[in-house]
Amino acid sequence: MTSTQSSADLRDAFGRVRSEVGKAVVGQDGAISGLIVALLTGGHVLLEGVPGVAKTLLVRSLSAALDLRTTRVQFTPDLMPGDVTGSVVYDAKAGDFEFRRGPVFTNILLADEINRTPPKTQSALLEAMEERQVSIDGETHPLPHPFMVAATQNPVEYEGTYTLPEAQLDRFLLKLVLDLPARDAEVEVMQRHADGFNPRDLAAAGVTAVVTAEQITAARAAVGQVRASAELLGYLVDLARATRQSPSVKLGVSPRGSTALLAASKAWAWLQGAEAITPDHVQAMLLPVWRHRIALRPEAELEGVSADTILRAIVQQVQVPL
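Numbering of residues starts from 1 in each chain and follows the order in which that chain's sequence is written. Residues qualify for local features only when their pLDDT is at least 70, as the model is predicted, and side-chain atom pairs are given and counted only at 80 or more; totals for whole chains, interfaces and linings, by contrast, use all residues. Only hydrogens and water are set aside; all other atoms, that is, all heavy atoms of the structure, feed into the side-chain values.

A few words now on the layout of surface pockets. Only protein atoms enter the 1 Å grid used here. Points where a 1.4 Å probe fits but cannot escape make up a cavity, open sets with protein on both sides within 12 Å along at least five of seven lines make up a pocket, and a residue lines them when an atom lies within 4 Å of a point. Grid points are joined across faces, edges and corners, and a volume is the space filled by probe spheres set on the points. In this structure, the largest pocket encloses a volume near 940 Å³. Those elements that provide at least two residues to the lining of the largest pocket are β1 (45-48), α7 (166-170), β10 (174-177), β12 (249-251), β13 (295-296) and α14 (307-317). Note on conventions: DSSP H or I runs of at least 4 residues are helices, E runs of at least 2 residues are strands, and numbering of each starts at the N terminus. At three residues, the largest contribution of residues to the lining of the largest pocket is made by α7. Asp, Glu, Lys and Arg are counted as charged, while Ala, Val, Leu, Ile, Met, Phe, Trp, Tyr, Cys and Pro are counted as nonpolar; the rest, among them Gly, fall into the polar class. Here the residues of the lining of the largest pocket sort into 14 nonpolar, eight polar and 10 charged. Residue lining of the second largest pocket: 19 residues in total, with G52, V53, A54, L57 and V189 positioned closest to the centre. Mapped onto the lining of the second largest pocket, the elements with two or more residues apiece are α3 (55-64) and α8 (183-194). The dominant element in the lining of the second largest pocket, judged by the number of residues it contributes, is α8, at four residues.

What follows is the structure in C-alpha cells.
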C-alpha cells in the first residue's frame with residue numbers, strides 16, 4: 001500500500017472509477033463490478049451479450065477512468081496470431097531481423113468479438129494471459145504491468161462465431177453476461193442520446209482517469225491481506241467437488257477454478273470493506289467465476305439446463321459454514 005493512501009482511500013478511488021464509467025454506461029452495475037474485481041486480482045474478463053448492450057463501450061469507459069494504456073483489437077476471421085502478439089521482420093536498413101511488438105503489449109487489451117476469429121488466433125493469447133509474456137522465435141518478451149484482457153463475444157449460437165477452446169476459457173477469471181437493460185435504464189440511454197451523448201467521445205461525456213497504475217498495485221496488495229478461514233476454504237472445496245458430482249455436469253470445476261473463486265471473493269470482500277471473506281462474498285462471485293468452467297452433459301443441454309441453473313442449485317445444496 002502507498003504511504004499516502006489507506007485501504008479506505010483506495011476503496012474510495014475505485015468507487016470513483018464506478019462513477020466515471022457510469023457517465024457513459026447505464027444499467028450494467030454487475031459488469032462494472034466484475035471488471036473492477038478482475039483489475040484488483042490481475043484477472044481477465046470475458047463479456048458476453050447480444051450486439052448493442054454496450055460491451056465494448058463498457059471496456060472503453062473503464063479504460064478512460066484509468067490512467068493506463070489501452071489497445072483495441074477487432075477479432076475477425078482473417079486475423080493472424082502475429083497480428084496480436086507481434087512478429088519478427090527483416091529490417092533492410094539495419095540488415096537484421098527485429099521483433100515488432102503487437103497490440104498485446106499494453107495495459108488493457110480490448111479483444112473485441114474474440115469468438116469471431118478461429119481458435120488458432122484465439123490461442124495466441126494463452127501465454128500472454130497466463131504468463132504475462134510473449135515468446136517469439138525462442139525469445140521471451142514481458143508484457144507491461146498491470147496487464148488485463150477484456151474480451152467481448154456474441155452468444156455462440158450467432159452466425160460466424162467460434163466456440164472458445166476450454167484452455168482459453170479457463171484463462172478468464174470472470175465471464176460476465178450482459179443482458180438487455182430494464183425499461184427505466186433503456187429510457188435513460190435514450191435520454192442521454194437525445195441530449196447529445198456520443199459513445200465515440202468519452203471525454204465529452206466527462207469520463208476522466210481517476211486511478212493510476214500505482215494505486216492498482218497498492219489495492220492489489222490490500223486485497224491480498226483479506227483473510228480466509230479454514231472453514232471458508234473448506235466451503236470453497238465442497239462447492240467445487242459438488243460440481244464434479246452433479247449428474248448434469250461432464251466436467252466440473254478444477255482446483256484452478258477454486259483458487260480463482262477465492263481470489264475474486266477476496267477482491268469483492270475488500271470492496272465491501274470486509275477484513276475476511278464470508279460465504280456471502282463467495283456466493284456473490286460464484287456464477288461469474290464458474291459459469292464458463294463447467295461442461296454440461298449433452299442430455300442436460302438438450303433439456304435446456306444452463307450452467308447458472310446448476311450452480312445456483314449447488315449453492316442451495318452445499319452446507320454453509322457457521
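Bringing a nonpolar patch on the surface into the picture now. Residues enter patches when their relative accessible area tops 30% and they take part in no salt bridge; the joining distance is 9 Å for like charges and 5 Å for the nonpolar side chains Val, Leu, Ile, Met, Phe, Trp and Tyr. Areas reported here follow the Shrake-Rupley algorithm with a probe of radius 1.4 Å; residue values treat only the protein chains shown as occluding. Each reported salt bridge corresponds to a side-chain nitrogen of Lys or Arg within 4 Å of a carboxyl oxygen of Asp or Glu. A contiguous nonpolar patch, built from V88, Y90 and F97 and spanning about 310 Å² of accessible area, is present on the exposed surface. Within the secondary structure, V88 is located in strand β4 (residues 86-91).

The angle between the axes and the distance between the axes are what describe a pair of packed helices. What counts as an axis is a line fitted to C-alpha atoms, over the stretch in contact for a helix, and the angles between N-to-C directions run from 0 to 180 degrees. For the pair helix α9 (residues 213-224) and helix α11 (residues 255-271), the least separation of the axes is 9 Å and the interaxial angle reads 105 degrees. Of the possible angle classes, the one that applies to α9 and α11 is roughly perpendicular. Of the residues in α11, those in contact with A219, A222, V223 and G224 of α9 are K266, A267 and W270. Looking at the contact of α9 with α11 residue by residue, the class counts come to five nonpolar, one polar and one charged. Oblique is the label for any angle not under 35 degrees, not over 145, and not in the 65 to 115 range, which are roughly parallel, roughly antiparallel and roughly perpendicular in turn. Any pair of residues with heavy atoms lying within 4.5 Å of one another is described as a contacting pair.

For the rest of this paragraph, the subject is the pairing of strand β7 (residues 133-136). Strand residues, when the strand is regular, have side chains that alternate between the two faces of the sheet. Judged by which residues are buried, β7 turns out to be one-sided: V134 and I136 face inward and are buried, whereas Q133 and S135, on the alternate face, are not. Here, strands pair whenever DSSP counts at least two bridges between them. Examined bridge by bridge, β7 and strand β8 (residues 139-142) share four bridges and lie antiparallel to one another. Residue pairing for β8: I136 is matched across the bridge by E139. With antiparallel pairing between neighbouring strands as the criterion, β7 and β8 make up a hairpin whose turn holds two residues, including D137 at a positive phi of roughly 50 degrees. Here the term buried applies to any residue with accessible area under 20% of the maximum for its type, exposed to any over 50%, and partly exposed to those in between, with areas from a 1.4 Å probe on protein chains only.

Here we take up the sheet that holds β1. The strands making up a sheet associate through backbone hydrogen bonding, with each pair oriented either parallel or antiparallel. Here five strands make up an open sheet; going across it, the order is β3-β6-β9-β1-β10 and the pairing parallel. The sheet is open, and its two borders are formed by β3 (70-74) and β10, each paired with just one other strand. In this sheet, neighbouring strand axes are inclined to one another by 15 degrees on average, regardless of whether the strands run parallel or antiparallel. Bridge count between β1 and β10: four bridges; the pairing is parallel. Looking across to β10, one finds that V45 is bridged to L174. Helix α2 (residues 29-41) rests against β1, β9 (148-153) and β10 of the sheet, and its axis sits at about 165 degrees to β10.

This part covers the environment of G234. The topology assignment puts G234 in helix α10 (residues 230-245). A residue is classified by how much of its surface remains accessible, and G234, at 28% relative accessible area, is partly exposed. Between the C-alpha atoms of G234 and V320, which are 86 residues apart in sequence, the distance is 9.8 Å.

Here a helix's expected span is defined as the number of its residues, less one, multiplied by 1.5 Å. If you check α9, its first and last C-alpha atoms are 17 Å apart, about what 12 residues at 1.5 Å a residue would give, namely 16 Å. Within the span of α9, buried status applies to Q215, I216, A218, A219, R220, A222 and V223. Buried residues in α9 make contact with α1 (7-22), α2, β11 (211-212) and α11.

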